[in-house]
Amino acid sequence: MTLIISWIGVDDKKEGKSVSSLYIASDSRYSWGNSDKYDYGIKVFGSSRFPEIFGFCGDVLIPSIILGQLLPQIDSGLILNDSDSGQIKNNKVFDYISSSIKNYPKEQSTGSFTILYGTRSEKEFSCFKTSFDKRNGLINEQVNLPKISTKICSEGSGKEEFDNNFQEWEREKHNNYRTSRGVFHCLSKTLKTIKDPMTGGLPQIVGLYRIENSRLFGIVENQKKYVYGKESSEDINSERIEWRNENFERMNPETLKILSGAQRQPI
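None of these values were measured; they are calculated from a predicted model. Residue numbering note: each chain is counted from 1, following its sequence as written. Under the rules for a predicted model, residues below a pLDDT of 70 receive no local features and side-chain atom pairs below 80 are neither given nor counted, while totals for whole chains, interfaces and linings still include all residues. Working from all heavy atoms in the structure, the side-chain values ignore hydrogens and water.

Here's the deal with the overall build of the protein chain
Looking only at helices and strands, the protein chain has 4 helices and 17 strands in total. For the protein chain, the spread of C-alpha atoms along the three principal axes comes to 50 × 50 × 40 Å. Each residue is assigned to one of three classes by its accessible area relative to the maximum for its type, calculated with a 1.4 Å probe on protein chains only: buried under 20%, partly exposed between the two thresholds, exposed over 50%. When burial is assessed residue by residue, the protein chain has 52% of its 267 residues classed as buried. Note on definitions: a residue-residue contact is assigned when non-hydrogen atoms from the two residues lie within 4.5 Å. Here the analysis covers contacts within the protein chain between residues at least 6 apart in sequence; of these, 61% occur between residues at least 24 apart. As presented, the protein chain carries roughly 13,100 Å² of accessible surface, and 46% of it is formed by carbon and sulfur atoms. For the purpose of counting charges, residues Lys and Arg are taken to be positive, whereas Asp and Glu are taken to be negative. His and the chain ends are not included. Every charge is mapped to an atom, namely NZ of Lys, CZ of Arg, CG of Asp or CD of Glu. Of note, the protein chain has its 36 positive side-chain charges centred 3 Å away from the centre of its 35 negative side-chain charges. Every helix listed is a DSSP run of H or I at least four residues long, and every strand listed is a run of E at least two residues long, numbered separately from the N terminus. Accessible surface is estimated by sampling points in the Shrake-Rupley manner with a 1.4 Å probe; for residues, cover comes only from the protein chains shown.

Digging into the pairing of strand S13 (residues 224–227)
When DSSP finds two or more bridges between two strands, those strands count as paired. Relative to S13, strand S12 (residues 215–221) is paired through 3 bridges, and the arrangement is antiparallel. Looking at the pairing, Val220 lines up with Lys225 of S13. Counting the residues in the hairpin turn of S12 and S13 gives 2 residues, including Asn222, whose phi is positive at 50 degrees. For S13 and strand S14 (residues 230–231), the ladder comprises 2 bridges, and the chain directions are antiparallel. Bridge pairing links Val227 to Lys230 in S14. From the end of S13 to the start of S14, which pair antiparallel, there are 2 residues, and Tyr228 there has a positive phi angle of about 55 degrees.

With respect to the environment of Ile194
Here Ile194 lies in the loop between helix H4 (180–193) and strand S11 (204–209). Dropping the residues within four chain positions of it, Ile194 is found in contact with Gly158, Glu161 and Thr199.

Thoughts on the sheet that holds strand S7 (residues 112–121)
Taken together, 5 strands build an open sheet; the order of strands is S5-S6-S7-S8-S9 and the sheet is antiparallel. The sheet terminates laterally at strand S5 (44–46) and strand S9 (137–142), the two strands that pair on one side only. Each adjacent strand pair in this sheet contributes to an overall mean axis angle of 15 degrees, direction not counted. Bridge analysis of strand S6 (residues 52–58) against S7 gives 7 bridges, and the strand direction is antiparallel. Along S7, the bridge assignment pairs Cys57 with Thr114. Packing of helix H1 (residues 61–75) onto the sheet brings it into contact with S5, S6 and S7, and relative to S6 it is tilted by some 170 degrees. All axes are obtained by fitting lines to C-alpha atoms, using only the stretch in contact for helices, and the reported angles, taken between N-to-C directions, cover 0 to 180 degrees.

Digging into the confidence of the model for the protein chain
On average, the protein chain scores 92 in pLDDT, and the residues at 70 or more come to 96%. Confidence, expressed as mean pLDDT per element, reaches its minimum in the protein chain at strand S3 (residues 30–32) with 88 and its maximum at S5 with 98. As a per-residue measure, pLDDT reflects the predictor's confidence and takes values from 0 up to 100.

Observations regarding the packing of aromatic side chains
To describe a pair of aromatic rings, you give the distance between the ring centres and the angle between the ring planes. Only rings of Phe, Tyr and Trp enter the pairing, Trp through its six-membered ring, and a pair is recorded when the two centres are within 6.5 Å. The plane angle decides the type: under 30 degrees is stacked, over 60 is edge-to-face, the rest tilted. Per the counting criterion, the structure on display carries 15 aromatic pairs. The interplanar angle of 70 degrees and the centroid separation of 5.5 Å between the aromatic rings of Tyr38 and Tyr40 together place this pair among those described as edge-to-face. Note on Tyr38: relative accessible area 41%, which makes it partly exposed. Taken together, the ring pairs connect Trp7, Tyr23, Phe184, Tyr209, Phe217 and Phe248 into an aromatic cluster. We call a charge positioned over a ring when the NZ of a Lys or the CZ of an Arg lies within 6 Å of the ring centre and within 35 degrees of the ring normal. Lying over the aromatic face of Trp243, Lys225 brings its terminal NZ or CZ to 5.8 Å of the ring centre. Here the guanidinium or amino end of Arg244 rests over the ring plane of Phe248, the centre of that ring lying 4.3 Å away.

A word on the pattern of salt bridges
Should the charged atoms of two oppositely charged side chains come close, the side chains can pair. One side-chain nitrogen of Lys or Arg within 4 Å of one carboxyl oxygen of Asp or Glu is enough to make a salt bridge. A full pass over the atoms with the stated rule returns 16 salt bridges. Note that Lys17 is salt-bridged to Asp12, the shortest N-O span being 3.0 Å. A salt bridge links Arg29 to Asp39; its shortest N-O distance comes to 2.7 Å. With Arg29 in the loop between strand S2 (16–26) and S3 and Asp39 in the loop between strand S4 (36–38) and S5, this residue pair connects regions lying 10 residues apart in the sequence. Residues participating in the shared-partner salt-bridge network are Glu212, Arg215, Glu242 and Arg244.

A look at H4
By the criterion of burial, H4 is predominantly enclosed, with 10 of the 14 residues buried. Taken together, the buried positions of H4 are occupied by Ser180, Gly182, Val183, Phe184, His185, Cys186, Leu187, Ser188, Thr190 and Leu191. Where H4 is buried, its residues meet strand S1 (3–13), S2, strand S10 (150–156), helix H3 (159–169), S11 and S12.

Written out as structure tokens, the structure reads:
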């Protein structure tokens, strides 16, 4: 079933507080009940042409098929327009998911899944959640984005353990109270201690800022680099993406140390 979370970063502008970033992150485990596992599974996705990010938990096959077909068509400009509002984008994405599910053999589904969809139109961020199970079918809803940096959604079999741990970060006296980095820090800590056998591996993350399109983040852990949970070779073009450690500090992928000029974050 796995664990997927989403959170926002909020900053202060002259006109007031506003969302400046939106992230979707997950563990990297595909599992077959309690019998077997694979910790290099891709669960977060981003468009190279539009500010669109996705993630899923639950049944692996159906969301993988849907997103594997949807993202190339978004990138090719077939589905979304630059002028679309967040709600219009969501309507188009949901219609695509609905038509894909319609012809899928329901008896072959393992049960349920959730797809998170984050987007930006102009400077306005939006997040939507589509859930499916055999009894209720598809349900699509908008996720509320408060004017504080915090978690906005958590789903999957690892949700309970993550949410219980996150209560520590919700204390006002915590160094990372209501910070974007605090949510990711909690995810990293949870994956190191989680008891749910269907959740595991290293975190993977995609995000949106106020400018440009989706961003894939690499993870630096124990002096090694990982992308989508898998250790990366030394000859990759590491400078093409951002790298973060468990405290969400920006890392230099060549030295594997905190990037020069990057602010150290309290633990």
